[in-house]
Amino acid sequence: MSTTGVRILLCDDHAVVRAGLLALLGSEPDIEVVGEAGSGEEAAAMAAKLLPDVVLMDLQLGAGIDGVEATRRIVAAAAADDPADVHVLVLTTYDTDADITRAIEAGATGYLLKAERPEELFAAIRAAAQGRTALSAPVATRVMDHMRGTGRPSLTDRERDILGQLARGVGNREIARALFISEATVKTHLGRIYAKLGVDTRSGAVAKAKEQRLLP
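Undergrad: I tried to follow unusual backbone geometry on my own but got confused; where do I start?
TA: What is expected of a backbone is that most residues other than glycine have negative phi and most peptide bonds are trans. Backbone geometry places L51, a non-glycine residue, at a positive phi of 50°. Positive phi values are uncommon outside glycine, yet F180 reaches one of about 60°. Mapped onto the secondary structure, F180 falls in the loop between α8 (172-179) and α9 (183-197). Note on F180: relative accessible area 77%, which makes it exposed.

Now the structure itself:
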């Protein structure tokens, strides 16, 4: 890390998001944004040229390579130098087990969700610049569950409520009425529940939920 502060390279394919991060990070005197990239390829090239302390990396980057592959290239290039001072901190809205695992295996120093408070983001950036792991609380829970071999999925309170309704044999329309949400929202939640539990039917979801004691 530079003695004058943390040098940041932003990588997000949305210009508005980059502008927001630029304004936010500009409020911290010890954090300096030295570059902005709109694609994975651009981020990898700029990281090799600018040698920032931290690359703030989104995962979904539209056309071209994604954030995971960009992370892999940046980490590999940094490892060729001694010492390797470029660290990647993932900043994304995606928190699935697959995304987290791929990013960490690619060499990301940290994994943060965009829903975090600014203070958490600043702390994570400073930690990543020193090579320390920085994880959002939900991400840390998933990582620890994986390491312990529990394989227990992390469900939201709403998803647990819907699982409880499924266990009672209630249909989508009745679930929507009971929880004061639309049927379309129920279907969206069901899709996420199925993905997290690794099933594709209502009965399969209920069986897996009972097995892992996920029902409310």
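Undergrad: Mind showing me how you'd approach the pairing of strand β2 (residues 31-37) here?
TA: Residues in a regular strand point their side chains to alternate faces of the sheet. The sheet contact formed by strand β1 (residues 6-11) and β2 spans six bridges and is parallel. Directly across from V6, in β2, lies its bridge partner I31. The handedness of the β1 to β2 crossover, carried by helix α1 (residues 15-25), is right-handed.

Undergrad: I tried to follow the pairing of strand β5 (residues 110-113) on my own but got confused; where do I start?
TA: Here β5 shows no split at all, with G110 and L112 on one side and Y111 and L113 on the other all buried. Of the strand pairs in this sheet, strand β4 (residues 87-92) and β5 are connected by four bridges, and their pairing is parallel. Opposite V90, over in β5, you have Y111 as the bridge partner. The parallel pair β4 and β5 is bridged by helix α4 (residues 97-106), and the resulting crossover is right-handed. Relative to strand β6 (residues 134-135), β5 is paired through two bridges, and the arrangement is parallel. Paired with G110 across the strands is A134, a residue of β6. At this point the chain moves from β5, through helix α5 (residues 118-129), to the parallel β6, and the crossover so formed is left-handed.

Undergrad: Hey, could you run me through α8 in this one?
TA: At 3.6 residues per turn, the α-helix brings residues three or four places apart onto the same side. Among all positions in α8, only N172, I175, A176 and L179 are buried. Viewed along the axis of α8, the buried residues span an arc of 100°, placing them on a single side of the element. The inward-facing, buried residues of α8 contact α7 (157-167), α9 and α10 (202-211).

Undergrad: I would appreciate a short explanation of α4 in the present structure.
TA: Buried residues of α4: D99, I100, A103 and A106, and no others. The arc that holds every buried residue of α4, seen down its axis, measures 135°, which confines them to one face. Within two residues after α4, G107 carries a phi angle of roughly 110°, on the positive side.

Undergrad: Sorry if this is basic, but what is going on with the side chain of D99 here?
TA: Positionally, D99 belongs in helix α4. Although D99 is buried, it forms no salt bridge, and the closest oppositely charged side chain is R102 at an N-O distance of 4.2 Å. In contact with D99, not counting residues within four places along its chain, are L59, Y94 and Y111.

Undergrad: What should I look at first to understand empty space enclosed by the protein in this one?
TA: Taken as a whole and assessed by the stated rule, the structure comprises one cavity of 30 Å³ or more. Empty space within the largest cavity amounts to approximately 40 Å³. Lining the largest cavity are C11, D12, L21, L56, M57, D58, L91 and K114. Within the lining of the largest cavity, the residues separate by chemical class into five nonpolar, no polar and three charged.

Undergrad: Help me out: how do you make sense of the pattern of salt bridges in this one?
TA: When the charged atoms of two side chains with opposite charge come close together, those side chains can pair. Taken as a whole and judged by the stated rule, the model has eleven salt bridges. With a closest N to O distance of 2.8 Å, D30 and R126 form a salt bridge. Of the two residues, D30 is situated in the loop between α1 and β2 and R126 in helix α5; the sequence distance between them amounts to 96 residues. Among the salt bridges present, the one from R72 reaches E69, with a minimum N-O distance of 2.7 Å. In this pair, R72 and E69 both sit in helix α3 (residues 67-79), three residues apart, roughly one turn of the helix. Residue class for R72 comes out partly exposed when judged on its relative accessible area of 39%. Each of D12, D58 and K114 takes part in a single network of salt bridges with overlapping partners.

Criteria and thresholds
- Residues numbered from 1 in each chain as written.
- Predicted model: local features only at pLDDT ≥ 70, side-chain atom pairs only at ≥ 80, totals over all residues.
- Heavy atoms only, no water.
- Helix = DSSP H or I, 4+ residues; strand = E, 2+ residues; numbered from the N terminus.
- Buried < 20%, exposed > 50% of the residue type's maximum accessible area, 1.4 Å probe, protein only.
- Pairing = 2+ DSSP bridges.
- Right-handed = clockwise from strand over helix to strand, strands pointing away.
- Arc of directions from axis to C-beta.
- Contact = heavy atoms within 4.5 Å.
- Lys, Arg positive; Asp, Glu negative; His and termini not counted.
- Salt bridge = Lys/Arg side-chain N within 4 Å of Asp/Glu carboxyl O.
- 1 Å grid on protein atoms, 1.4 Å probe; cavity = no way out; pocket = protein on both sides within 12 Å on 5 of 7 lines; lining within 4 Å.
- Points joined across faces, edges and corners; volume = space filled by probe spheres on them.
- Nonpolar A, V, L, I, M, F, W, Y, C, P; charged D, E, K, R; others polar.

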